[in-house]
Amino acid sequence: MILTFFPSQVTRWLAVVLLVCKPIQATTLLNSSYDVARELFSALNPGFIAQWQRSHPYDTLTLRQSHAGSSRQALAILQGLPADVVTYNQITDVQILHDRGNLIAADWRNRLPNQSSPYYSTMAFLMRKGNPKKIHDWSDLARDGVKLVFSNPKTSGNGRYAYLAAWGAMQQEFGGDQTRTRTWMQQFLNNVEVFDIGGRGATTTFVERTQGDVLIGFESEVNTLCNQVDAGEYEVIVPKIDILAEFPVAWVDKNVKKNGTTEVAKAYLNYLFSPEAQKIIVRFYYRVNDTQIMNENKTKFPQTQLFRVEEQFGDWQQVMDTHFRRGGELDQLLAAGRHR
């Protein structure tokens, strides 16, 4: 018997054969992130995996997470951690991957929307029930007898934002008077009971070890914590003047090329800007640039006057050189406090 196939039938038959014979592949993507982002990305990842596998049905995707202070994470990549993407809480910790290792492109901030920042936050205070120290704004944190906990600005973007938020807010309050600002900052830093390596460590110190009167951390972290404990056990204050904390993301060009993960890495980071992901992000008390989503969640986010780092301190390289290098402003203020 002779079987006759028309061209259209042959095309369909070949397509079926190719699909059946297509090999299953397993792709792993490693996300290097800051230490208080574990729960956020654990919530985001299933949605992206489902999206990816709808368009890549023969690719079994695994998303791995690595978390620590963002500066330590960046150093680990420079030392060989094969991360495909970085989702950090400070621009300098991404930029260093270009400056010191040439691992990412110089124009990385222009490759994704909002200068590659899918969400942002600010700093907030977490106090124990009843706010016994009567803390309401930055100025209250330098009073005698107030013990502070936040992460070390030398090792954590969380800590750097806390330091810069305090400096910037008080500099505005003092009308730009640098002498008064430095004196206040010395008193503020002298009240620090614990400098933890990262934001999650600071939270553990404050909550589990019950050290300190005030925890300074990202608004997202302190509110998420409050949702995980008994209602009324803690109180949250967002100061009236505060800092805009950007959360930059990038694919690591050299690593994705080596790992063969360029397509999935780019898709993963673009997913973070999608409405589906943005709705998950605000559940963790991060702010987003989607006006509609923010309006739907406005009761979560107190109004505050946010200033950008660049507005008061210059670019990030200038900030690092002035405040956080060895012997810089931070070291000088800490040394002066020890000799009071």
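Residues numbered from 1 in each chain as written. Predicted model: local features only at pLDDT ≥ 70, side-chain atom pairs only at ≥ 80, totals over all residues. Heavy atoms only, no water.

Asks: So what's going on with the overall build of the chain? Which residues, and what values?
Replies: Per the secondary structure count, the chain includes 16 helices and 13 strands. Overall, the chain is about 100 × 45 × 35 Å in size when its C-alpha atoms are taken along their principal axes. Expressed as a percentage of its 340 residues, the buried residues of the chain come to 51%. Looking at the chain as shown, the accessible area adds up to about 16,200 Å², and 50% of this sits on carbon and sulfur atoms. With 36 positive and 34 negative side-chain charges, the chain shows a spacing of 4 Å between the two charge centroids. (Helix = DSSP H or I, 4+ residues; strand = E, 2+ residues; numbered from the N terminus. Buried < 20%, exposed > 50% of the residue type's maximum accessible area, 1.4 Å probe, protein only. Areas by Shrake-Rupley, 256 points an atom, 1.4 Å probe, with all protein chains shown as cover. Lys, Arg positive; Asp, Glu negative; His and termini not counted. Charge placed at Lys NZ, Arg CZ, Asp CG, Glu CD.)

Asks: Go over the pairing of strand S1 (residues 25-34) with me, naming the residues and quoting the values.
Replies: Across the 10 residues of S1, seven count as buried, placing the element largely inside the fold. Two elements, S1 and strand S2 (residues 59-68), share 10 bridges in a ladder whose sense is parallel. Residue Thr28 lies in a different strand from S2, and its bridge partner there is Thr62. Once you follow S1 into helix H2 (residues 38-55) and on to S2, the crossover reads as right-handed. With three bridges joining them, S1 and strand S3 (residues 85-87) adopt parallel strand pairing. When the sheet's bridge partners are listed, Ser33 is paired in S3 with Thr87. (Pairing = 2+ DSSP bridges. Right-handed = clockwise from strand over helix to strand, strands pointing away.)

Asks: So, the sheet that holds S2: which residues are in play, and what are the values?
Replies: In space, the four strands of this open sheet follow the order S2-S1-S3-S12, with mixed pairing throughout. The open sheet has two edge strands with one neighbour each: S2 and strand S12 (249-251). Recorded for the sheet is a direction-independent mean angle of 20 degrees between the axes of neighbouring strands. Where H2 meets the sheet, it contacts S1, S2 and S3, and its direction lies at approximately 165 degrees from that of S2. (Axes fitted to C-alpha atoms, helices over the stretch in contact; angles between N-to-C directions. Contact = heavy atoms within 4.5 Å.)

Asks: Kindly report on the packing of helix H6 (residues 157-173) against helix H7 (residues 178-190), identifying the contributing residues and their values.
Replies: It is at 9 Å that the axes of H6 and H7 come closest, and there the two elements cross at 140 degrees. With respect to H7, the element H6 is oriented oblique. The crossing of H6 and H7 is right-handed. Within the contact between the two elements, H6 uses Tyr163, Ala166, Trp167, Met170 and Gln171 and H7 uses Gln178, Thr181, Arg182, Trp184, Met185, Phe188 and Leu189. Its residues assigned to classes, the contact of H6 with H7 shows eight nonpolar, three polar and one charged. (Parallel < 35°, antiparallel > 145°, perpendicular 65-115°, else oblique. Left-handed = near helix turned anticlockwise from the far one by under 90°. Nonpolar A, V, L, I, M, F, W, Y, C, P; charged D, E, K, R; others polar.)

Asks: So what's going on with the environment of Pro153? Residues and values would help.
Replies: Here Pro153 lies in the loop between strand S6 (148-151) and H6. Sequence separation of Pro153 and Ser71 is 82 residues, and the distance between their C-alpha atoms is 9.7 Å. The residues contacting Pro153, other than those within four sequence positions of it, are Gly159, Arg160, Tyr163, Phe195, Phe324 and Leu330.

Asks: With reference to specific residues and values, describe a negative patch on the surface.
Replies: There is a patch of like negative charges on the surface, built from Glu310, Glu311, Asp315 and Asp321. Here Asp321 is to be found in helix H15 (residues 316-324). Exposure remark for Asp321: the relative accessible area of 39% places this residue in the partly exposed category. (Patch = residues over 30% accessible without salt bridge, like charges linked within 9 Å, V, L, I, M, F, W, Y side chains within 5 Å. Salt bridge = Lys/Arg side-chain N within 4 Å of Asp/Glu carboxyl O.)

Asks: I'd like to hear about the side chain of Thr261, residue by residue, with values.
Replies: Following the sequence through the fold, Thr261 ends up in the loop between helix H10 (253-259) and helix H11 (262-271). Sequence-distant contacts of Thr261, defined by excluding residues within four places in its chain, comprise Thr27, Thr28, Leu29, Asp84 and Val256.

Asks: Describe the packing of aromatic side chains, with residues and values.
Replies: In this description, an aromatic ring pair is defined by two values, namely the gap between the centres and the angle between the planes. Inspection of every chain in the model, using the stated rule, returns 18 aromatic pairs. Note on Tyr34 and Phe247: the rings are 5.3 Å apart at their centroids and 55 degrees apart in plane angle, and the pair reads as tilted. Of this pair, Tyr34 sits in strand S1 while Phe247 is found in the loop between strand S11 (245-246) and S12, placing the two residues 213 residues apart along the sequence. For Tyr34, a relative accessible area of 0% gives the class buried. On the basis of an interplanar angle of 85 degrees and a centroid distance of 5.1 Å, the ring pair of Phe150 and Phe195 is categorised as edge-to-face. Of this pair, Phe150 sits in strand S6 while Phe195 sits in strand S7 (residues 192-196), and the two are 45 residues apart along the sequence. Look at Phe150 and you get buried, because its relative accessible area is 0%. Through successive ring pairs, a cluster of aromatic residues spans Tyr34, Tyr119, Tyr161, Phe218, Phe247, Tyr286 and Trp316. (Phe/Tyr/Trp six-rings, centres within 6.5 Å; stacked < 30°, edge-to-face > 60°.)

Asks: How would you sum up the sheet that holds strand S9 (residues 234-237)? Please name residues and give values.
Replies: Spatially, the five strands line up as an open sheet ordered S7-S6-S8-S5-S9, and their pairing is mixed. The sheet is open, and its two edges are formed by S7 and S9, each paired on a single side. Each adjacent strand pair in this sheet contributes to an overall mean axis angle of 25 degrees, direction not counted. The pairing of strand S5 (residues 123-128) with S9 spans four bridges and is antiparallel. If you follow Leu126 over to S9, its bridge partner there is Val236. Sheet contacts for H6: S5, S6 and strand S8 (214-218); angle to S8, the most-contacted strand, approximately 110 degrees. In the packing of H7 onto the sheet, the strands contacted are S6, S7 and S8, and the crossing angle to S7 comes to about 80 degrees.

Interpretation note: all reported values are geometric properties and have no functional meaning in isolation.
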